[in-house]
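Listed below, chain by chain, are the residues.
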Amino acid sequence: MKNLSRLFVLFLVVLFVAIGAGNALGAGKYPEKPITMVIHASAGGGSDIFGRTMSSAIDKDKLLPQPIVVENKPGGSGGIAFAYVAGKKKDPYYLVTAVTSFLTTPLMGLTPVGLKDFTPIANFAFDEYMLIVNPKSKYQSVKDVVADAKANPKKITVGGTQLGSSDSICAYLIEKAAGVQFNYIVFSGGGEVNAALLGGHIDMAVANPGEALELYKAGKVRVLGVYAEKRLAGAPDVPTLKEQGINAIYVQNRGLCAPADIPADARKVLEEAFFKYTKTETFKKYCKDNMLSEAWMDGAAFGKFLEEWNAKYAVILKDMGLIKKK
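Rules of the game
- Residues numbered from 1 in each chain as written.
- Predicted model: local features only at pLDDT ≥ 70, side-chain atom pairs only at ≥ 80, totals over all residues.
- Heavy atoms only, no water.
- Buried < 20%, exposed > 50% of the residue type's maximum accessible area, 1.4 Å probe, protein only.
- Helix = DSSP H or I, 4+ residues; strand = E, 2+ residues; numbered from the N terminus.
- Pairing = 2+ DSSP bridges.
- Polar contact = N/O pair within 3.5 Å; in protein donor to acceptor, adjacent residues only side chain to side chain.
- Contact = heavy atoms within 4.5 Å.
- Salt bridge = Lys/Arg side-chain N within 4 Å of Asp/Glu carboxyl O.
- Axes fitted to C-alpha atoms, helices over the stretch in contact; angles between N-to-C directions.
- Core = buried A, V, L, I, M, F, W, Y, C linked by side-chain atoms within 4.5 Å.

Novice: Teacher, can you tell me more about the pairing of strand β3 (residues 94–98) here?
Specialist: Where a strand is regular, its side chains alternate between the two sheet faces. Across the five residues that make up β3, a large majority, five, are buried. Alternating residues of β3 divide into Tyr94, Val96 and Ala98 and Leu95 and Thr97, and every residue in both groups is buried. Sheet analysis places strand β1 (residues 35–39) next to β3, joined by three bridges and oriented parallel. Counterpart to methionine 37 in the pairing with β3 is leucine 95. Bridge count between β3 and strand β10 (residues 251–259): three bridges; the pairing is antiparallel. Residue pairing for β10: alanine 98 is matched across the bridge by glycine 255.

Novice: Can you walk me through the side chain of asparagine 123 in this structure?
Specialist: Topologically, asparagine 123 is positioned in strand β4 (residues 118–128). Separated by 3.3 Å, the side chains of asparagine 123 and asparagine 253 make a polar contact. Reaching out from asparagine 123, the side chain makes a polar contact with the backbone nitrogen of glycine 255 at a distance of 3.5 Å. Ignoring any residue separated from it by four or fewer positions in sequence, one finds asparagine 123 in contact with Asn253, Arg254, Gly255, Ala295, Trp296, Met297 and Phe302.

Novice: Whenever I open this one, the pattern of salt bridges confuses me. Can you help?
Specialist: Charged atoms that come close allow side chains of opposite charge to pair. This structure, assessed with the given rule, holds 13 salt bridges. Between arginine 52 and aspartate 48 there is a salt bridge, with its nearest N and O atoms 2.8 Å apart. On the criterion of helical spacing, the pair formed by arginine 52 and aspartate 48 is a turn pair, its members being four residues apart in helix α2 (residues 46–60). Accessibility expressed as a relative area gives 37% for arginine 52, which makes it partly exposed. Given the relative accessible area of 5%, aspartate 48 is considered buried.

Novice: Whenever I open this one, the sheet that holds β1 confuses me. Can you help?
Specialist: Within a sheet, neighbouring strands are paired by backbone hydrogen bonds and run either parallel or antiparallel to one another. The strand order across the open sheet formed by six strands is β2-β1-β3-β10-β4-β11, and the pairing between neighbours is mixed. The open sheet has two edge strands, β2 (68–72) and β11 (292–297), and neither has a second partner. Shown here is a sheet whose adjacent strand axes are inclined to one another by a mean of 25 degrees, direction ignored. Two elements, β4 and β11, share four bridges in a ladder whose sense is antiparallel.

Novice: How do you make sense of unusual backbone geometry when you look at a structure like this?
Specialist: In this structure, proline 31 follows tyrosine 30 across a cis peptide bond, with omega equal to -5 degrees. Along the polypeptide, proline 31 turns up in the loop between α1 (2–26) and β1. Of note, the phi angle at methionine 291 is positive, near 55 degrees, even though the residue is not glycine. Counting through the fold element by element, methionine 291 comes out in the loop between α10 (281–289) and β11.

Novice: I tried to follow the nonpolar core on my own but got confused; where do I start?
Specialist: For soluble globular proteins, nonpolar side chains are generally found buried alongside one another. With 84 residues, the main nonpolar core has Tyr227 and Phe274 as its most contacted residues. Contact partners of phenylalanine 274, with chain neighbours within four places excluded, come to Met54, Ile58, Ile68, Leu95, Ile121, Phe124, Leu256 and Trp296. The next biggest cluster of nonpolar side chains, apart from the first, holds 20 residues, and it includes Leu197, Leu215, Val223 and Val238.

What follows is the structure, given as structure tokens:
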């Protein structure tokens, strides 16, 4: 009888352990707590608008069982945010915005982390940049700019953000394609660039469509051309640079990455939720309002895109003299 009692007790212990293990396995559905999206730039900029629009929509439409909390960590050309998230290896509760600087900042040696330290999650859209001038400018087309630049090397001033940024790369692409040289002037942000252009302190500026759109609509700037394969839906009267004989095409991606080695199931959950987000009216309106082109890529496709452009930027930045020789 005692043996039977002991066997029964042992059976109950095994049963409780099995039930407990089952509950532990079943309870681990991701995400179980809020996810932090780290924005690599200051509040109010393009990446901040991108992140906060997404965060709000995901919460509103219940695309994830937990909210996405936005946290800004500007500085170091994005290097502070990139290093912070890279330091959360294997943790699927952190994301970071990934645009051009996500690749160029490591290439220029401004942060010790790089692609290997992240898990690509998804890309959402492309920004197609513009070359803009003051409405009073003598330049009516890109051909006018090129002709003047050839006659007066390094005299035409072009405003933009730090060297190695999308702005400086776009200016360089015209220089290379046309065989000219500009005088590139660095400003701390797009707002300062636009103020300098409106005040007549610089000749031209390279602008993200989201930054220049309202100025263009208000007639405060003239858009000479767009760095795109085809004309933008929001500015159908503006020709591409390619149409004007300058083979300079450039897009800035807008994506998200997580730290390296996060669980595969967590990556899948994020991909599926973000894909659903791209089908919402909020996302459609966001792209239209900011003159962006929809460009969905899942993690695998985005990873290949990042590797391809990492190689391209390495060549461009080296030609620009921005990668230090070892």
